[in-house]
Amino acid sequence: MIRRLWAIADIHLSFKSNREEFAKLQPRGLEDGLILAGDVGETIESLNEAFEVSKKHFKYVWWVPGNHELYTSKSAKEDEMHLRGESKYMACIKAAKKHGVLTPEDDYMTWVYTEDDIQTAAVICPIFTLYDYSFRPEHVTREGALDWAMEEGIKATDETLLHADPYKTRDEWCARLVAEAETKLAKAAASGFPLVIINHWPLREDTIFIPKVPRFSLWCGTTKTKEWHTQYHAKVVVTGHLHVRRTDWIDGVRFEEVSLGYPRQWQEAKDEGHTVNTLLREILPGEPKPEEGNEPTTTWRGRGRGWSLSHGLEPMTPSSPTNRTNLRAL
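Residues numbered from 1 in each chain as written. Predicted model: local features only at pLDDT ≥ 70, side-chain atom pairs only at ≥ 80, totals over all residues. Heavy atoms only, no water.

- An unreviewed UniProt entry lists the protein under the name Calcineurin-like phosphoesterase domain-containing protein, with Elasticomyces elasticus given as the organism.

Side note on the pattern of salt bridges
Alright, step 1. Tallied over the full model, the rule gives 20 salt bridges.
Alright, step 2. In this structure, arginine 204 engages aspartate 206 in a salt bridge whose closest nitrogen and oxygen atoms are separated by 2.7 Å.
Alright, step 3. Judged by relative accessible area, arginine 204 falls into the buried class, the value being 8%.
Alright, step 4. A relative accessible area of 45% places aspartate 206 in the partly exposed class.
Alright, step 5. One salt bridge connects arginine 281 with glutamate 287, and the closest N-O pair in it is separated by 2.6 Å.
Alright, step 6. Assessed through its relative accessible area of 32%, glutamate 287 is described here as partly exposed.
Alright, step 7. Residues joined by salt bridges that share partners form a network here, namely Arg254, Glu256, Arg281 and Glu287. (Salt bridge = Lys/Arg side-chain N within 4 Å of Asp/Glu carboxyl O. Buried < 20%, exposed > 50% of the residue type's maximum accessible area, 1.4 Å probe, protein only.)

A few points about the pairing of strand 3 (residues 60-63)
Alright, step 1. Burial along strand 3 is two-sided: Tyr60 and Trp62 facing one way and Val61 and Trp63 facing the other are all buried.
Alright, step 2. Pairing analysis gives four bridges linking strand 2 (residues 33-36) to strand 3, with the strands arranged parallel. Residue pairing in the sheet places isoleucine 35 in a bridge with tryptophan 62 of strand 3.
Alright, step 3. In this view, the connection linking strand 2 to its parallel neighbour strand 3 by way of helix 2 (residues 44-57) has right-handed handedness. (Helix = DSSP H or I, 4+ residues; strand = E, 2+ residues; numbered from the N terminus. Pairing = 2+ DSSP bridges. Right-handed = clockwise from strand over helix to strand, strands pointing away.)

Observations regarding the sheet that holds strand 11 (residues 281-284)
Alright, step 1. Taken in spatial order, the four strands make up an open sheet running 3-2-1-11, and their pairing is mixed. Strands at the two margins of the open sheet, each flanked by one partner only, are strand 3 and strand 11. Each adjacent strand pair in this sheet contributes to an overall mean axis angle of 25 degrees, direction not counted.
Alright, step 2. The sheet strands contacting helix 2 are strand 2 and strand 3, and the helix crosses strand 3 at an angle near 150 degrees. (Axes fitted to C-alpha atoms, helices over the stretch in contact; angles between N-to-C directions. Contact = heavy atoms within 4.5 Å.)

Section: the packing of helix 2 against helix 3 (residues 86-99)
Alright, step 1. Two elements in contact, helix 2 and helix 3, have axes whose closest approach is 10 Å; the angle formed by their N-to-C orientations is 25 degrees. Here helix 3 runs roughly parallel to helix 2, going by the angle between their axes. Regarding helix 2 and helix 3, the two cross each other, and that crossing is right-handed. Counted together, Ile44, Leu47, Asn48, Phe51, Glu52 and Lys55 of helix 2 and Lys88, Ala91, Cys92, Ala95, Ala96, Lys98 and His99 of helix 3 form the full contact between these two elements.
Alright, step 2. Of the residues assigned to the contact of helix 2 with helix 3, the class counts are seven nonpolar, two polar and four charged. (Parallel < 35°, antiparallel > 145°, perpendicular 65-115°, else oblique. Left-handed = near helix turned anticlockwise from the far one by under 90°. Nonpolar A, V, L, I, M, F, W, Y, C, P; charged D, E, K, R; others polar.)

Focus on the packing of aromatic side chains
Alright, step 1. Within this structure, the stated rule accounts for 14 aromatic pairs.
Alright, step 2. By the ring-pair criterion, three or more aromatic residues cluster together here, those being Tyr89, Phe128, Tyr131, Tyr133, Tyr167, Trp173, Trp201, Phe216 and Trp219.
Alright, step 3. A cation over a ring is seen here: arginine 3 above tryptophan 111, with NZ or CZ 3.8 Å from the ring centre.
Alright, step 4. The ring of tyrosine 108 carries the charged tip of lysine 184 above its face, separated from the ring centre by 4.3 Å. (Phe/Tyr/Trp six-rings, centres within 6.5 Å; stacked < 30°, edge-to-face > 60°. Lys NZ or Arg CZ within 6 Å of the ring centre and 35° of its normal.)

Overview of the environment of glutamate 21
Alright, step 1. The topology assignment puts glutamate 21 in helix 1 (residues 16-22).
Alright, step 2. Classification of glutamate 21 as buried rests on a relative accessible area of 5%.
Alright, step 3. A C-alpha to C-alpha distance of 9.3 Å links glutamate 21 and isoleucine 11, two positions ten residues apart in sequence.
Alright, step 4. Not counting chain neighbours up to four residues away, the residues in contact with glutamate 21 comprise Trp266, Thr275 and Val276.

Here we look at the pairing of strand 1 (residues 5-8)
Alright, step 1. What you see with strand 1 is no split at all: Leu5 and Ala7 on one side and Trp6 and Ile8 on the other are buried throughout.
Alright, step 2. Sheet topology note: the strand 1/strand 2 ladder contains four bridges and is parallel. Bridge pairing in strand 2 places leucine 5 opposite glycine 33.
Alright, step 3. Of the crossover connections in this fold, the one passing from strand 1 over helix 1 to the parallel strand 2 is right-handed.
Alright, step 4. Examined bridge by bridge, strand 1 and strand 11 share three bridges and lie antiparallel to one another. Residue pairing for strand 11: alanine 7 is matched across the bridge by arginine 281.

Considering helix 3
Alright, step 1. For helix 3, with 14 residues, the first-to-last C-alpha span of 20 Å sits near the 20 Å given by 1.5 Å per residue.
Alright, step 2. What helix 3 keeps buried is the set Lys88, Tyr89, Ala91, Cys92, Ile93, Ala95 and Ala96.
Alright, step 3. The secondary structure elements touched by the buried residues of helix 3 are helix 2 and strand 3.
Alright, step 4. One or two steps after helix 3, the chain reaches glycine 100, where phi turns positive at roughly 75 degrees. (Expected span 1.5 Å × (residues − 1).)

Notes on the confidence of the model for the protein
Alright, step 1. Looking at the protein as a whole, its pLDDT mean stands at 90, while 89% of the residues score no less than 70.
Alright, step 2. Below a pLDDT of 50 lies the segment residues 301-327, which in the model reaches 68 contacts outside its immediate sequence neighbourhood of four places, other chains included. (pLDDT = per-residue confidence, 0-100.)

Quick word on the layout of surface pockets
Alright, step 1. Approximately 180 Å³ is the volume attributed to the second largest pocket.
Alright, step 2. Lining the second largest pocket are Ile44, Glu45, Asn48, Lys77, Asp79, Glu80, Leu83, Ala91 and Lys94.
Alright, step 3. The set of elements that each furnish at least two residues to the lining of the second largest pocket consists of helix 2 and helix 3.
Alright, step 4. The element that contributes the greatest number of residues to the lining of the second largest pocket is helix 2, accounting for three residues.
Alright, step 5. In the lining of the second largest pocket, the residues fall into three nonpolar, one polar and five charged. (1 Å grid on protein atoms, 1.4 Å probe; cavity = no way out; pocket = protein on both sides within 12 Å on 5 of 7 lines; lining within 4 Å. Points joined across faces, edges and corners; volume = space filled by probe spheres on them.)

See the structure below:
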């Protein structure tokens, strides 16, 4: 029996068609695991639904928060609408624990699996880093970062719905999260096994591919994580957030962006016969490591013919002051 680890992100269950699609999730091997790499939805209700479906079909499930889980949402139930920042995150953790779903607050698991007919292992490391607006050109200061994005009409919905409480800023919260993750990852790396690092936000700026809204990079991570894949001996880095499914190889490490996205963004895949079950990305064992110097960067391919998910976000034309601000929610 081959034990496999699968992943998907950005399933956005607030959309009816995505919710109906995820409900069609089918079981895999008896010992298989599933990673939900953030942006399940904005409410605890969405999390409970995703966790219930996932645990029904997979023995092990991991979840890391995305920005959408952290939103203080007006669509949430009354007892949830007061939750802001860290208190919203901890409410999500409570929901995960109720379903037996593993999170960044749990001890890391050593995952034993078979690769090339040899039994081996990796440590599964869910983390939570947020972002600190450092994915920006060198000439742009932190103080001028939001104005720089606004020059192209870009402003993330996070600026309205993602609160940093009890921290003064998201930057401050991010710094604390990064420090905590570094401590846990260093301990995991000392085990001698390679790591599978799971985060919603990309660890490296050079893996961000959002050509239609490049200045959205501000809300996509932190430069503090750039070398984590080598520093902590990662085998695979699993992320979401960008809504552009993609595989990168950097320093011999496989980077997987595994998001589904909003309904219109994966419509092309759906038209070609793909479902949530064919869109699960195999993380372990995964595809073999290419020869050094021949490491491709590719959009994710389905069975048969190739396809890629477009980002699906069109920048607004600033023809008048009234449409200058374009709120983005990835």
